[in-house]
Amino acid sequence: MQIAATPTDDNPLKLPILIRRARAADIAAVVALDERVTGLAKRGYWDDIFKRYGQSTRPDGFFLVAEPQDRKDAPPVLGFIIGEVRAWEFGSAPCGWVIALSVEPEIRLQGVGEALFEAISAEFKKSGVRKMRTMVIHDNRLHLMFFRGEGMMAGPYIQLEKDIE
Amino acid sequence: MKLQIASQLAIYALLELAAEPDRHFSVAEIGDKFNVSSHHLAKVMNALGRAKLVRSVRGVGGGYQFAGSVRRTTLLDVIQQFEDVDSGVSLTGGSSPATDEEAALRGILDEIDNITRATLGSITIGTMLKLVGRRRSSGSMR
């Protein structure tokens, strides 16, 4: 899958990028981007994620990256999004879950996140689901604002947790 | 949750201004659309001006313009200019809870407040404009 993302009315893309499935050679850049954003390097985690969503032939898992076009000085991966179709957990009919999204901090608000979101939405749709979900910690305003801006609303589930004593 | 009238008017006014960022709107023009007095709306616009969410241009052709960020100004930023968004249930103010019952109840109210803040703090003026646009295109309201 390769999509040359182009600007639309809803997506004021200002950078030429290509959205494609992640390759093994991208993982070092994904790890570096994640470390720049979260402050934590998680090489083992990302290798495992790539095996589960990037390498496999399963049709319901997606690991997409945004690659810069025409910019030699840019990082090799400007952003990534990961998701999968899951069914019947918590009584839910099949739906697409976005489990990770990250965009290079210096190029945010230029449409890369939107392009990634639209690309994975299209993949979910091709998989036959008509609903997508994600989960965001409530004080992460940046991610909440982004997903809200993409049209996501509060869903029917309430997340609960408990300290195990 | 109920919003005070001033908060509602501020949101409506900002949506009107942000939808046409190059235009200047008079208070009377916005007031007419939402059927509120210019006197009441002027106070709201002054508060929005102090918060740097609108700018006023004097003289012929003047009026108010949106001065926030469509993609960063949230409903919480607006509402907080006019009211406290917390639950408003008065226990013993900011002091330590006097009883275990009060502490337990406070924990529940904090849950509600956190969700309220997260919701209002994540909806930008841009997102609201999209929501309004969707409703308009589906013909559900005027």
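Residues numbered from 1 in each chain as written. Chains lettered and ligands numbered in written order. Predicted model: local features only at pLDDT ≥ 70, side-chain atom pairs only at ≥ 80, totals over all residues. Heavy atoms only, no water.

When helices and strands are counted, chain A shows four helices and six strands. Counting from the amino terminus, helix and strand elements in chain A follow one another as β-β-α-α-β-β-β-α-β-α. The globule rule puts the C-alpha radius of gyration for 165 residues at 15 Å, and the 16 Å found for chain A is close to it. Dimensions of chain A, computed from the C-alpha atoms along their principal axes, are close to 50 × 40 × 35 Å. Going through the 165 residues of chain A one by one, you find that 42% of them count as buried. Restricting to contacts in chain A with at least 6 residues of sequence separation, those with at least 24 account for 59%. Carbon together with sulfur atoms contributes 54% to the accessible area of chain A, which is approximately 9,500 Å² in total. In chain A, 22 side chains carry a positive charge and 23 a negative one; their mean positions are 4 Å apart. (Helix = DSSP H or I, 4+ residues; strand = E, 2+ residues; numbered from the N terminus. Rg over C-alpha atoms; globule rule 2.2 N^0.38 Å. Buried < 20%, exposed > 50% of the residue type's maximum accessible area, 1.4 Å probe, protein only. Contact = heavy atoms within 4.5 Å. Areas by Shrake-Rupley, 256 points an atom, 1.4 Å probe, with all protein chains shown as cover. Lys, Arg positive; Asp, Glu negative; His and termini not counted. Charge placed at Lys NZ, Arg CZ, Asp CG, Glu CD.)

Residue and element names in this part refer to chain A. Summed over all chains, the structure comprises 16 salt bridges over all chains. When the shortest N-O distance is used, the salt bridge between Lys-42 and Asp-34 registers 2.6 Å. Note on Asp-34: relative accessible area 7%, which makes it buried. Note that Glu-123 and Lys-126 form a salt bridge whose closest N and O atoms lie 3.4 Å from each other. Linking Glu-123 with Lys-126, this pair stays in helix 3 (residues 112-126), spanning three residues, or about one helical turn. (Salt bridge = Lys/Arg side-chain N within 4 Å of Asp/Glu carboxyl O.)

Moving on to the packing of aromatic side chains. Evaluation of the coordinates by the stated rule reveals 10 aromatic pairs over all chains. Relative to Phe-146 of chain A, the ring of Phe-117 of chain A lies with its centre 6.1 Å away and its plane at 80 degrees, an arrangement referred to as edge-to-face. With Phe-117 of chain A in helix 3 and Phe-146 of chain A in helix 4 (residues 141-149), the pair connects residues that are 29 residues apart, well separated along the chain. On the basis of relative accessibility, which here comes to 17%, the residue Phe-146 of chain A falls in the buried class. Members of the aromatic cluster, connected to one another through ring pairs, are Tyr-45, Trp-46, Phe-50, Phe-63 and Phe-80 of chain A. Over the face of the ring belonging to Phe-25 of chain B we find Arg-23 of chain B, whose NZ or CZ atom lies 4.1 Å from the ring centre. (Phe/Tyr/Trp six-rings, centres within 6.5 Å; stacked < 30°, edge-to-face > 60°. Lys NZ or Arg CZ within 6 Å of the ring centre and 35° of its normal.)

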